[in-house]
Amino acid sequence: MGTTQNTDTTSWWERLTERCYASSTATLAHKLKHEASASYDALINDLGRPLEPRFEQEIAKQLAAGPTAHFSPARTLMPVMLQRFGLQEDTLQESGLINHADYVVLRDNCNACAAVGDCWKAMRASAKLDECRKLCPNAKAFDALASHHDNPRAAINVSY
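Residues numbered from 1 in each chain as written. Predicted model: local features only at pLDDT ≥ 70, side-chain atom pairs only at ≥ 80, totals over all residues. Heavy atoms only, no water.

Turning to a nonpolar patch on the surface, a few remarks are in order. Together, W12, W13 and L16 line one region of the surface with nonpolar side chains, adding up to about 350 Å² of accessible area. Structurally, W12 is set in helix α1 (residues 2-35). (Patch = residues over 30% accessible without salt bridge, like charges linked within 9 Å, V, L, I, M, F, W, Y side chains within 5 Å. Areas by Shrake-Rupley, 256 points an atom, 1.4 Å probe, with all protein chains shown as cover. Salt bridge = Lys/Arg side-chain N within 4 Å of Asp/Glu carboxyl O. Helix = DSSP H or I, 4+ residues; strand = E, 2+ residues; numbered from the N terminus.)

This is the structure:
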């Protein structure tokens, strides 16, 4: 009988704790952003850091709501997105596959993207190429760059 009482108490306590956490997750994410900005910046720029799913969703909502100081989607997300398309950021410019002006356009598209919260979650989850194509405003350009190594200017001109 003592075991049943402990189990009931534990279950009740676990349910209460779970509900308290669930109801405070948005507040926790908001306070982290505004009161511990260095920790928040480190968290959003580290795509490999494990996060509890509801907390991750709240962070993604914040990113989707508008620009965040010290977070540049083109700096954090675009290199990972390029990898999904079989491209390397360093190699694109060094090899002449893309000129600086075109690269700036791709970065600007990334930084202005309305799907930044979803992209952040997808890059954290190692999204497959098909999902990336659906999310990314630069997907056509990335596909063109990946398939036109012999004529990169044609690839960029076709994709805009």
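Quick look at the pattern of salt bridges now. Evaluated as defined, the whole model comprises nine salt bridges. A salt bridge links D46 to R49; its shortest N-O distance comes to 3.5 Å. Given a relative accessible area of 32%, R49 falls into the partly exposed group. Residue E89 pairs with R107 through a salt bridge whose shortest N-O separation is 3.6 Å. Here E89, found in helix α6 (residues 89-94), pairs with R107, found in helix α7 (residues 100-111); they are 18 residues apart in sequence, far enough to count as distant. For R107, a relative accessible area of 26% translates into the label partly exposed. (Buried < 20%, exposed > 50% of the residue type's maximum accessible area, 1.4 Å probe, protein only.)

Take the packing of helix α2 (residues 37-45) against helix α3 (residues 53-65) next. Viewed as axis vectors pointing N to C, α2 and α3 meet at an angle of 100°, and their least axial separation amounts to 12 Å. Relative to α3, the element α2 is oriented roughly perpendicular. Packed against α2, whose contacting residues are Y40, L43 and I44, the element α3 presents F55, I59, Q62 and L63 at the interface. For the contact of α2 with α3, the per-class residue count stands at six nonpolar, one polar and no charged. (Axes fitted to C-alpha atoms, helices over the stretch in contact; angles between N-to-C directions. Parallel < 35°, antiparallel > 145°, perpendicular 65-115°, else oblique. Contact = heavy atoms within 4.5 Å. Nonpolar A, V, L, I, M, F, W, Y, C, P; charged D, E, K, R; others polar.)

This brings us to α3. Counting along an α-helix, one turn takes 3.6 residues, and residues three or four places apart therefore face a common direction. With 13 residues, α3 should cover 18 Å at 1.5 Å per step; its first-to-last C-alpha distance of 18 Å lies within 8% of that length. Within α3, the full set of buried residues consists of F55, E56, E58, I59, A60, Q62 and L63. The distance from a side-chain oxygen at the start of α3 to the backbone nitrogen of R54 is 3.0 Å, and the residue carrying that oxygen is E52. G66 sits one or two residues past α3 and shows a positive phi near 155°. (Expected span 1.5 Å × (residues − 1). Polar contact = N/O pair within 3.5 Å; in protein donor to acceptor, adjacent residues only side chain to side chain.)

The contact between α3 and helix α8 (residues 116-124) brings their axes to 7 Å, and the two run at 140°. Accordingly, the angle class assigned to the pair α3 and α8 is oblique. Packed against α3, whose contacting residues are E56, Q57, I59, A60, L63 and A64, the element α8 presents V116, G117, W120, K121 and R124 at the interface.

What follows concerns empty space enclosed by the protein. With a probe scaled to a water molecule rolled over the atoms, the places where space remains empty come into view. By the definition in use, this model includes one cavity of 30 Å³ or more. Each pocket or cavity is described by its volume, and for the largest cavity that value is around 90 Å³. In terms of lining, the largest cavity is formed by 13 residues, of which the most central are M81, C110, C119, C136 and P137. Elements supplying a minimum of two residues to the lining of the largest cavity: α5 (78-84) and α8. For the lining of the largest cavity, the class distribution of residues is 12 nonpolar, one polar and no charged. (1 Å grid on protein atoms, 1.4 Å probe; cavity = no way out; pocket = protein on both sides within 12 Å on 5 of 7 lines; lining within 4 Å. Points joined across faces, edges and corners; volume = space filled by probe spheres on them.)

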